[in-house]
Amino acid sequence: MLEMTREEFEELVAEALDRIPPELTRLMDNVAVFVEDEPPADDPELLGLYEGTPLTERGEWYAGVLPDRITIYRGPTLRFCETRDDVVAETEVTVVHEIAHHFGIDDARLHALGYG
């Protein structure tokens, strides 16, 4: 398994977030991004997870709720990748994939766009 500290991995996630176009980040609303070492035990290969209500499903009822949560998982990403460059690329794909869920884009469309 490739070695990378949590701090190094968090920096890669931050850099991936910085590469999201400002036009999109301005539209993101009530969402927080986290890094965790491992995903839930029932899905050990999960690289990222979006939990919340996509922007496309929010209505007048949406007020006073906790932020949506995007979690990027370090362990499975490092096990999946062979090189640091692979980790950089996979982290960016995972971050974009989870942010796309915040915008209401489903897995089928993401796979068609190459963010599967």
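Residues numbered from 1 in each chain as written. Predicted model: local features only at pLDDT ≥ 70, side-chain atom pairs only at ≥ 80, totals over all residues. Heavy atoms only, no water.

Its identity is not glycine, yet N30 carries a phi of approximately 55°, on the positive side. Structurally, N30 is set in the loop between α2 (22-25) and β1 (31-36). Among the residues examined, N30 registers a relative accessible area of 26% and is labelled partly exposed. (Helix = DSSP H or I, 4+ residues; strand = E, 2+ residues; numbered from the N terminus. Buried < 20%, exposed > 50% of the residue type's maximum accessible area, 1.4 Å probe, protein only.)

Taking 1.5 Å per residue as the helical rise, helix α4 (residues 84-102) with its 19 residues ought to reach 27 Å, and the 27 Å between its terminal C-alpha atoms agrees with that figure. The complete set of buried residues in α4 reads V87, E90, T91, T94, V95, H97, E98, I99, A100, H101 and H102. In the core, the buried residues of α4 are packed alongside α1 (6-18), β1, β2 (48-51), β3 (68-73), α3 (74-80) and α5 (107-112). Of the residues trailing α4, G104 is marked for its positive phi of about 90°. (Expected span 1.5 Å × (residues − 1). Contact = heavy atoms within 4.5 Å.)

Looking now at the packing of aromatic side chains. Applying the stated criterion to the full structure yields one aromatic pair. Aromatic pair W61 and Y62: ring centres 5.6 Å apart, planes at 80°, arrangement edge-to-face. Given the relative accessible area of 53%, W61 is considered exposed. One Lys or Arg, R69, reaches over the ring of F34 and ends 3.9 Å from the middle of that ring. (Phe/Tyr/Trp six-rings, centres within 6.5 Å; stacked < 30°, edge-to-face > 60°. Lys NZ or Arg CZ within 6 Å of the ring centre and 35° of its normal.)

Glancing now at the sheet that holds β2. The mixed open sheet is built from three strands, whose spatial order is β1-β3-β2. With partners counted over all chains shown, the strands left at the sheet margins are β1 and β2, one partner each. Within the sheet, the average angular offset between the axes of one strand and its neighbour, ignoring direction, is 15°. (Pairing = 2+ DSSP bridges. Axes fitted to C-alpha atoms, helices over the stretch in contact; angles between N-to-C directions.)

What follows concerns the nonpolar core. The biggest cluster of nonpolar side chains holds 17 residues, and the ones touching the most others in it are M4, F9, V13, I72, V87, V95 and I99. Going through the elements one at a time, α1, β3 and α4 are the ones with two or more residues in this core. Considering each element in turn, this core owes the most residues, four residues, to α1. Those residues within four positions of V13 in sequence are excluded, and the remaining contacts are V33, V35, I72, T91 and V95. (Core = buried A, V, L, I, M, F, W, Y, C linked by side-chain atoms within 4.5 Å.)

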